[in-house]
Amino acid sequence: MLSLETIQSMFKHLHWANQRILETLQIGEENKQANKLFSHILHAEHVWFTRLKGADSSHLPIWAEASIESCVEMVKQNHHNYAEFLSTLSNTGLDQLVSYKNSKGTEFHHSIRDILTHVALHGQYHRGQINQLLRAADLEPINVDYITFRR
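Residues numbered from 1 in each chain as written. Predicted model: local features only at pLDDT ≥ 70, side-chain atom pairs only at ≥ 80, totals over all residues. Heavy atoms only, no water.

*Asks:* Tell me about the overall build of the protein, and please be specific about residues and values.
*Replies:* Scanning the protein for helices and strands turns up 5 helices and 2 strands. Starting at the N terminus and ending at the C terminus, the protein contains elements arranged as α-α-α-β-β-α-α. Its C-alpha atoms give the protein a radius of gyration of 16 Å, within 12% of the compact-globule value 15 Å for 151 residues. By principal-axis analysis of the C-alpha atoms, the protein measures approximately 45 × 40 × 20 Å. Burial statistics for the protein: of 151 residues in total, 47% are counted as buried. Expressed as a percentage of contacts within the protein between residues at least 6 apart in sequence, the contacts between residues at least 24 apart total 69%. Carbon and sulfur atoms provide 51% of the accessible area of the protein, an area that totals close to 8700 Å². Here the protein contributes 14 positive and 16 negative side-chain charges, whose respective centroids are spaced 4 Å apart. (Helix = DSSP H or I, 4+ residues; strand = E, 2+ residues; numbered from the N terminus. Rg over C-alpha atoms; globule rule 2.2 N^0.38 Å. Buried < 20%, exposed > 50% of the residue type's maximum accessible area, 1.4 Å probe, protein only. Contact = heavy atoms within 4.5 Å. Areas by Shrake-Rupley, 256 points an atom, 1.4 Å probe, with all protein chains shown as cover. Lys, Arg positive; Asp, Glu negative; His and termini not counted. Charge placed at Lys NZ, Arg CZ, Asp CG, Glu CD.)

Written out as structure tokens, the structure reads:
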């Protein structure tokens, strides 16, 4: 099982990787598919944070497109929310169960540890897709590897 220290490091990486992708999307030609995937990452981070706080997330968008300007704000807000949440968490708190309903109304129960791990891995999966789209557009993919972050 992942320790709190490892999860905190994963979220520092998540923010670093989001910043790198955001900077690339800001300076390059608009790539609608890449922007849509990046918006999805940020909306999903917000949805999961809402669930972690015990609030209803069923009404929140997960695939809504957002402008790059809106993405800048979402990156900042998500980073602030998760940094604050992680700073108050303990290793034993990671095992606390969170109950939530998805957008279809189906109820689920997962540990905070599993949710945080999912959020970190979900973003990395879609950042890989964004890099694939950049490469298809003859642009240089962005290295967002965890090992590069740790250097």
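*Asks:* Tell me about the packing of aromatic side chains, and please be specific about residues and values.
*Replies:* With the rule as written, the count across this model stands at 7 aromatic pairs. On the basis of an interplanar angle of 50° and a centroid distance of 5.4 Å, the ring pair of W16 and F149 is categorised as tilted. Within this pair, whereas W16 is found in helix α1 (residues 4-27), its partner F149 is found in helix α5 (residues 146-149), the two being separated by 133 residues in sequence. Overall, the relative accessible area of 22% leaves W16 in the partly exposed class. Ring geometry for Y146 and F149: centres 5.9 Å apart, planes at 45°, overall tilted. (Phe/Tyr/Trp six-rings, centres within 6.5 Å; stacked < 30°, edge-to-face > 60°.)

*Asks:* An account of helix α2 (residues 32-52) is needed here, citing residue identities and associated values.
*Replies:* Residues spaced three or four apart along an α-helix face the same direction, because each turn holds 3.6 residues. Here α2 is 21 residues long and its end C-alpha atoms lie 30 Å apart, about the 30 Å a rise of 1.5 Å per residue gives. Counting buried positions over the 21 residues of α2 gives 17, a clear majority of the element. Once α2 finishes, G54 follows within two positions and takes phi at roughly 85°, a positive value. (Expected span 1.5 Å × (residues − 1).)

*Asks:* So what's going on with the pairing of strand β1 (residues 97-101)? Which residues, and what values?
*Replies:* On β1, burial follows the alternation: V98 and Y100 on one face are buried, whereas L97, S99 and K101 on the facing-out side are not. Counting the residues between successive antiparallel strands, the hairpin from β1 to strand β2 (residues 107-111) contains 5 residues, one of them, G105, with a positive phi of roughly 90°. (Pairing = 2+ DSSP bridges.)

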